[in-house]
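So you can see what is in the structure, the chains are spelled out below.
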Amino acid sequence: MRSYAIGDIHGHLDLLHLAHKRIEADRARTGDAEAPVLHLGDLVDRGPNSRGVIETLLAGQIAGKPWIVLRGNHDTMFARFPDGYRDPVLREGLDYLHQNIGGSTTLAEYGIDLSEGRPIADIQTEARKKIPNEHRSFLLDAPLYHRRGPVLYVHAGIRPERPLQNQTEADLCWIRKPFHDYTDPHPWLVIHGHTPVPEPRHYGNRVNIDSGAAFGGPLTAIVVESTTHDTEVYLLTDTGRTPLTP
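First, a word on what this report is: a plain description of the structure on this page. Per chain, residues are indexed from 1 in the order of the written sequence. Given that this is a predicted model, residues contribute local features only at a pLDDT of at least 70 and side-chain atom pairs are listed and counted only at 80 or more, while totals for whole chains, interfaces and linings are drawn from all residues. The side-chain values count all of the structure's non-hydrogen atoms but skip hydrogen atoms and water molecules.

**Describing unusual backbone geometry**
Okay, step 1: With phi around 80°, D45 is a residue other than glycine that occupies positive phi space.
Okay, step 2: Topologically, D45 is positioned in the loop between β2 (37-39) and α2 (50-62).
Okay, step 3: Each residue is assigned to one of three classes by its accessible area relative to the maximum for its type, calculated with a 1.4 Å probe on protein chains only: buried under 20%, partly exposed between the two thresholds, exposed over 50%. When its relative accessible area of 0% is taken as the criterion, D45 is described as buried.
Okay, step 4: Although it is not a glycine, H194 adopts a positive phi angle of roughly 80°.
Okay, step 5: Under the scheme used here, helices are H or I runs from DSSP no shorter than 4 residues and strands are E runs no shorter than 2 residues, and both carry numbers assigned from the N terminus. Relative to the assigned elements, H194 resides in the loop between β6 (189-192) and β7 (201-202).
Okay, step 6: According to the relative accessible area criterion, H194 is buried, its value standing at 5%.

Next comes the structure, spelled out in structure tokens:
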């Protein structure tokens, strides 16, 4: 059982095209045109072309490509911002327009006036008019996780020892320390992003593939090969596969 996965894109359409190119090269080597490609969320914010990323992935799904797009915390914040939503997980002093979040970059792509001192209610009203409902629905309808055999794909991670059906959106989209600190096996190998690392890393019970594209790093693409006895993960490069081991 083969599947591909791409980490947090954050508006870097050029890097997304490169990741897809590496996947297509691996498909050509294996002859597999049907294995799904999991995009692990955070399509938007911080990068220069979040709108282009949404349009590319939406068009690909409409065209029948085997692309699965999961929802990340930034996707939720963007899609719900026009309705006045503020994610309760955000720490005090932060909102979607804060420079640390990067939402202003995305809103500006839609031609929204972000002049200093403009009331946020006015910005939200304009966002409701200018952001296509199709884009918002695409993100809000995206699943929070995807199971494929012995592998679980999710944006941020899972709450350890909690059944999958009882995981909350906050767990799946925002969790860090409780998930990162847990070293025992999960019921699945968890492939996730959300927390940037200098390079993709296999921790034994989880694999983090957010290599910091939002902050000038590369965008990681991997291929996962699962059998009844083992699951192997490979980093995709311009020259082929490189094993990613614990």
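**Comments concerning the side chain of T220**
Okay, step 1: Its location among the elements puts T220 in the loop between β8 (206-208) and β9 (221-226).
Okay, step 2: Assessed through its relative accessible area of 5%, T220 is described here as buried.
Okay, step 3: One polar contact links T220 to S211, side chain to side chain, over a distance of 2.7 Å. Any pair of nitrogen or oxygen atoms within 3.5 Å is treated as a polar contact; in protein, a donor-acceptor pairing is required on top of that, and neighbouring residues in sequence qualify only through side-chain atoms on both sides.

**Thoughts on the environment of D171**
Okay, step 1: Note on placement: D171 falls in helix α7 (residues 169-174).
Okay, step 2: Residue class for D171 comes out buried when judged on its relative accessible area of 2%.
Okay, step 3: Note: C-alpha distance between D171 and A156 (15 residues apart in sequence) is 7.5 Å.
Okay, step 4: For D171, the residues in contact, after removing those within four places along its chain, are A156, G157, R159 and R162.
Okay, step 5: Only 3.0 Å separates the side chain of D171 from the side chain of R159, close enough to count as a polar contact.
Okay, step 6: A distance of 2.7 Å separates polar atoms of two side chains, one belonging to D171 and the other to R162. In this analysis, two residues are considered to be in contact whenever any of their non-hydrogen atoms come within 4.5 Å of each other.

**A look at the pattern of salt bridges**
Okay, step 1: Salt bridge, as used here, is a side-chain nitrogen of Lys or Arg placed within 4 Å of a carboxyl oxygen of Asp or Glu. Per the counting criterion, the structure on display carries 16 salt bridges.
Okay, step 2: The salt bridge partner of R136 is D83, with a shortest N-O separation of 2.5 Å. Separated by 53 residues along the polypeptide, R136 in helix α6 (residues 133-140) and D83 in the loop between α3 (73-80) and α4 (103-109) bring together distant segments of the chain.
Okay, step 3: A relative accessible area of 54% means that D83 is categorised as exposed.
Okay, step 4: Look at the salt bridges and you will find they share partners, linking R2, D26, R29, D32, E225 and R241 into a network.

**So, the packing of α2 against α6**
Okay, step 1: To get an axis, a line is fitted to the C-alpha atoms, and for a helix only the part in contact is used. The angle between two axes follows their N-to-C directions and goes from 0 to 180 degrees. Relative orientation of the contacting elements α2 and α6 amounts to 75°, with a least axis distance of 11 Å. Comparing their axes, α6 and α2 come out roughly perpendicular. Along its contact with α2, which presents R51, I54, E55, L57, L58, Q61 and I62, the element α6 presents E134, H135, F138 and L139. When describing relative orientation, an angle under 35 degrees is termed roughly parallel and one over 145 degrees roughly antiparallel, while 65 to 115 degrees is termed roughly perpendicular and anything else oblique.

**Focus: the sheet that holds β7**
Okay, step 1: Across the sheet, five strands lie side by side as β4-β5-β6-β8-β7; this open sheet has mixed pairing. What marks the edges here is a single partner per strand, and that holds for β4 (145-148) and β7.
Okay, step 2: By this definition, two strands are paired if DSSP reports at least two bridges between them. Summarising the sheet, β7 and β8 pair through two bridges and their orientation is antiparallel. Along β8, the bridge assignment pairs R201 with N208.

**With respect to the pairing of strand β5 (residues 151-154)**
Okay, step 1: Burial of β5 is two-sided: the residues V151 and Y153 facing one way and the residues L152 and V154 facing the other way are all buried.
Okay, step 2: Note that β4 and β5 share four bridges and pair antiparallel. Within β5, the residue paired with H146 across the bridge is Y153.
Okay, step 3: Hairpin connection between β4 and β5: a loop of two residues separates the two successive antiparallel strands, and G149 in this loop has a positive phi of roughly 60°.
Okay, step 4: Alignment of β5 against β6, held across three bridges, turns out to be parallel. If you follow Y153 over to β6, its bridge partner there is I191.

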